Amino acid sequence: MTSVVLLAAGRGVRMRSSRPKVLHEAAGRPLLDRALDTAFAVAGDPAKVVVVISKKDAERDSSNERATVGAFLAANHPRVRIAIQDPPRGTGDAVRAAAAAGAFGKAKTVVVLSGDVPLLEAGAVKALVDALAKDKKAAVAVLTATLPNPTGYGRIVRDKKKSFVRIREEKDSSSSERKICEINTGTYAFDRAFLEKSLPLLTSENSQSEFYLTDVLSLALKAKRKVVTVSGDPGAALGVNSREDLAVVDGLLRERAVRAAMRGGTTIRRPETVTLDETVVLEPDTTVEPFVTLLGKTVVGSGTTIGQGCVVKNAVFGQNVTVRPYCVIESAVVGDGCVVGPFARLREGTDLAAGVHVGNFVETKKAKLHAGVKANHLTYLGDTEIGPRTNVGAGVITCNYDGFAKHKTTIGADVFVGSDVQLVAPVTVGDGAIVGAGTTVTKDVPRDGLAVARVPQKNLEGGGAAYRARKKKS
Ligand code: UD1
Ligand code: CA
């Protein structure tokens, strides 16, 4: 049986952020979520995973604007256990806090993972557990990696026979130790009984005055037990300590997401310019043009094209939709065969049924447009429902806000709304009605009615020429 301890209590000072480091996101997912994926795969059950967090991060006060790890776990992973480390005094101290919270149980093996190593795969951790189990004398197995630039990591110090001697933190190391390129990934499998015995023996005699978990490995050698090192993939070892590290991890994951999309049947022109969260779903035979950003829980149906420069978050597109360039779309549903843009903005609560056309410089919010509605130019549709086949002319505005509250505009089926019409909500236009261009609609329009509200036009015979003559003289 294996228990997993996930360390996430560090202050993450190098991030310079009020947000806990492990809640920073890469490719649309918090670092902690990725580490938990690995932890769950290794433990086989979220209830066998203990996350160590600081007292400050355990607050769950919803009135507190600051995102906390405690609130994140409660909302997304309610079955994981939490151990509080107060105050955080190093990785060894963090594992002590987990032990004190009864995290190990009677497990044979305790796996320790860092919340800030997001590219680690479960397979590598399982290999570590196997390596520990294979060797009766082994007290610890540690995952190492050889990096061209090992700056910042703890180094694996070996003797002349290449046997493991100790892990030396960069801050405590000599200049010759700094040249070592084999590093500690911060991933371990411990013999539980040995770990329990060793934790009370840790001291904080080092440059950071912290209790280092890495010292448990030296204690193993002292106790005539073995330390097994397993060399892993350098690409998976990346630890995130700064925003620069975060950008590297984010870039790698997004590149992977783009490649996976292409393998899944999406045509991506200029893949290096496309930004995809890995939570985005692209069905086969979709096309993503250059400089597109697709985020969150976006789903793109088969046959759909997302045009150049669009920014999309949490939107669902049906099949054969054409989104022309430079649209901004968030929390919207776009039905089969719709044509959107260029330069359209679909905001939260937009729901377009099949075959709707929304053209350039049209903004929609909480707008339900039934099948075949056309609103092609320079329009604002907010808090509105529009029946099938209705045509909305250029420059139509729903006046949904009276300075105090939002009101609804309801337009029926087969309506013709002329250009430059204002609909002062709350107001209803019946099925089959016609609203003349330039009308300000303040009263309901009956079914099949015709509404016009304009100042009558005067024509002055020769008035234009007389005006020009006057201007020339003055
Ligand atoms: C640690 C290792 C280093 C290794 C590197 C790999 C130690 C002493 N050093 O260094 O050998 O190369 O990871 O990425 O272990 N944490 C707590 N409580 C604390 C301190 C840290 O929970 O009191 C957590 C952090 O949130 C983080 C993890 O432990 O998730 C590692 O801590 P960090 O301070 O980032 O250690 P590194 O300096 O990166
Ligand atoms: Ca780290």
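We now turn to the structure provided with this report. (Residues numbered from 1 in each chain as written. Chains lettered and ligands numbered in written order. Predicted model: local features only at pLDDT ≥ 70, side-chain atom pairs only at ≥ 80, totals over all residues. Heavy atoms only, no water.)

### Here we look at the packing of helix H1 (residues 31-43) against helix H5 (residues 122-134)
Working note: a packed helix pair is described by the angle between its axes plus the distance between those axes.
Logical step 1: At their nearest, the axes of H1 and H5 sit 9 Å apart, and the two run at 40 degrees to each other. Relative to H5, the element H1 lies oblique. Crossing angle aside, the handedness with which H1 passes H5 is right-handed. Across from Thr-38, Ala-41 and Val-42 in H1, the residues of H5 making contact are Ala-122, Val-125 and Lys-126.
Logical step 2: Here the residues of the contact of H1 with H5 sort into four nonpolar, one polar and one charged. (Axes fitted to C-alpha atoms, helices over the stretch in contact; angles between N-to-C directions. Helix = DSSP H or I, 4+ residues; strand = E, 2+ residues; numbered from the N terminus. Parallel < 35°, antiparallel > 145°, perpendicular 65-115°, else oblique. Left-handed = near helix turned anticlockwise from the far one by under 90°. Contact = heavy atoms within 4.5 Å. Nonpolar A, V, L, I, M, F, W, Y, C, P; charged D, E, K, R; others polar.)

### Brief notes about the site of ligand 1
Logical step 1: With respect to spatial proximity, 25 residues lie near ligand 1, and among them Gln-85, Gly-90, Thr-91, Glu-169 and Asn-184 are the closest.
Logical step 2: Contact between ligand 1 and Gln-85: a nitrogen atom at 2.8 Å from a side-chain N or O atom of the residue.
Logical step 3: Residue Arg-89 places a main-chain N or O atom 3.3 Å away from an oxygen atom belonging to ligand 1.
Logical step 4: Look at ligand 1: alone it shows 750 Å² of surface, and the protein chains cover 91% of it.
Logical step 5: Of all the elements in the fold, those that place two or more residues in the shell around ligand 1 are helix H4 (91-100) and strand S10 (182-191). (Near = heavy atom within 4 Å. Polar contact = N/O pair within 3.5 Å; in protein donor to acceptor, adjacent residues only side chain to side chain. Areas by Shrake-Rupley, 256 points an atom, 1.4 Å probe, with all protein chains shown as cover.)

### Some points on a nonpolar patch on the surface
Logical step 1: Judged by side-chain polarity, Tyr-326, Phe-343, Phe-361 and Leu-378 come together as a nonpolar surface patch covering roughly 420 Å² of accessible area.
Logical step 2: Note that Tyr-326 resides in the loop between strand S21 (322-323) and strand S22 (328-330). (Patch = residues over 30% accessible without salt bridge, like charges linked within 9 Å, V, L, I, M, F, W, Y side chains within 5 Å. Salt bridge = Lys/Arg side-chain N within 4 Å of Asp/Glu carboxyl O.)

### As for the coordination of the calcium ion (ligand 2)
Note on metal geometry: ideal angles are 109.5 degrees for four donors arranged tetrahedrally and 90 or 180 degrees for six donors arranged octahedrally.
Logical step 1: Every protein donor of the calcium ion (ligand 2) is accounted for by Asp-116 (OD) and Asn-241 (OD1), and the metal-donor separations fall at 2.3 to 2.5 Å. Placement of Asp-116 in the loop between strand S6 (109-114) and H5 and of Asn-241 in the loop between strand S11 (226-231) and helix H9 (243-263) is noted, with a sequence separation of 125 residues between them. Take Asp-116 and Asn-241: they sit in the same class, and that class is buried. (Donors = N, O, S within 2.8 Å, 3.2 Å for Na, K, Ca; no water. Buried < 20%, exposed > 50% of the residue type's maximum accessible area, 1.4 Å probe, protein only.)

### A short note on H1
Working note: α-helix, 3.6 residues per turn, so residues spaced by three or four point in the same direction.
Logical step 1: Taking 1.5 Å of rise per residue, 13 residues should cover 18 Å, and H1 covers 18 Å from first to last C-alpha, within 8% of that figure.
Logical step 2: When you tally the buried positions in H1, you get eleven out of 13 residues, the bulk of the element.
Logical step 3: The first or second residue beyond H1 is Gly-44, which carries a positive phi of 80 degrees. (Expected span 1.5 Å × (residues − 1).)

### Notes on the nonpolar core
Logical step 1: By size, the foremost hydrophobic cluster in this structure holds 51 residues, and its most contacted members are Leu-294, Phe-317, Ile-329, Val-340, Leu-352 and Leu-369.
Logical step 2: Within the residue set of this core, elements represented by two or more residues are H9, strand S23 (332-334), strand S27 (357-369), strand S28 (374-386) and strand S34 (427-429).
Logical step 3: Ranked by residues supplied to this core, first place goes to S27 with four residues.
Logical step 4: Once residues lying within four places of it in the same chain are set aside, the contact partners of Ile-329 are Val-311, Val-312, Lys-313, Ala-315, Phe-317, Val-323, Val-340 and Leu-346.
Logical step 5: Grouped together as the second largest cluster of nonpolar side chains are 35 residues, Ala-8, Val-42, Val-69 and Ala-131 included. (Core = buried A, V, L, I, M, F, W, Y, C linked by side-chain atoms within 4.5 Å.)

### Let's talk about the packing of aromatic side chains
Logical step 1: For the coordinates displayed, the defined rule picks out three aromatic pairs.
Logical step 2: With a centroid separation of 5.3 Å and an interplanar angle of 5 degrees, the aromatic rings of Phe-343 and Phe-361 are classed as stacked. With Phe-343 in the loop between strand S24 (339-340) and strand S25 (345-346) and Phe-361 in strand S27, this pair connects stretches of sequence that are 18 residues apart.
Logical step 3: A residue is classified by how much of its surface remains accessible, and Phe-343, at 40% relative accessible area, is partly exposed.
Logical step 4: An aromatic cluster is present here, built from Tyr-326, Phe-343 and Phe-361 joined pairwise through their rings. (Phe/Tyr/Trp six-rings, centres within 6.5 Å; stacked < 30°, edge-to-face > 60°.)

### A few points about the side chain of Thr-187
Logical step 1: Tracing the sequence through the fold places Thr-187 in strand S10.
Logical step 2: There is a polar contact of 3.1 Å between the side chain of Thr-187 and the side chain of Thr-185.
Logical step 3: Non-local contacts of Thr-187, meaning those with residues more than four positions away in its chain, are made with Val-112, Leu-113, Leu-120, Val-125, Leu-128, Ala-141, Val-142 and Leu-143.

### Thoughts on the pattern of salt bridges
Logical step 1: For the structure shown, the criterion picks out 25 salt bridges.
Logical step 2: The residue Asp-37 makes a salt bridge to Arg-29 at a minimum N-O spacing of 3.1 Å.
Logical step 3: One salt bridge connects Glu-170 with Arg-155, and the closest N-O pair in it is separated by 2.7 Å. Separated by 15 residues along the polypeptide, Glu-170 in the loop between strand S9 (164-168) and helix H6 (175-178) and Arg-155 in strand S8 (residues 155-158) bring together distant segments of the chain. Here the two residues Glu-170 and Arg-155 agree in accessibility, since each one is buried.
Logical step 4: One salt-bridge network, in which partners are shared between bridges, spans Arg-29, Asp-33, Arg-34, Asp-37 and Glu-278.

### Quick word on the pairing of S6
Logical step 1: Of all six residues making up S6, six are buried, and the element is well covered by its neighbours.
Logical step 2: Burial along S6 is two-sided: the face carrying Thr-109, Val-111 and Leu-113 and the face carrying Val-110, Val-112 and Ser-114 are both buried.
Logical step 3: Summarising the sheet, strand S1 (residues 2-7) and S6 pair through six bridges and their orientation is parallel. Paired with Val-4 across the bridge in S6 is Val-111.
Logical step 4: In terms of strand pairing, S6 meets S10 through four bridges, oriented antiparallel. Opposite Val-111, over in S10, you have Ala-189 as the bridge partner. (Pairing = 2+ DSSP bridges.)

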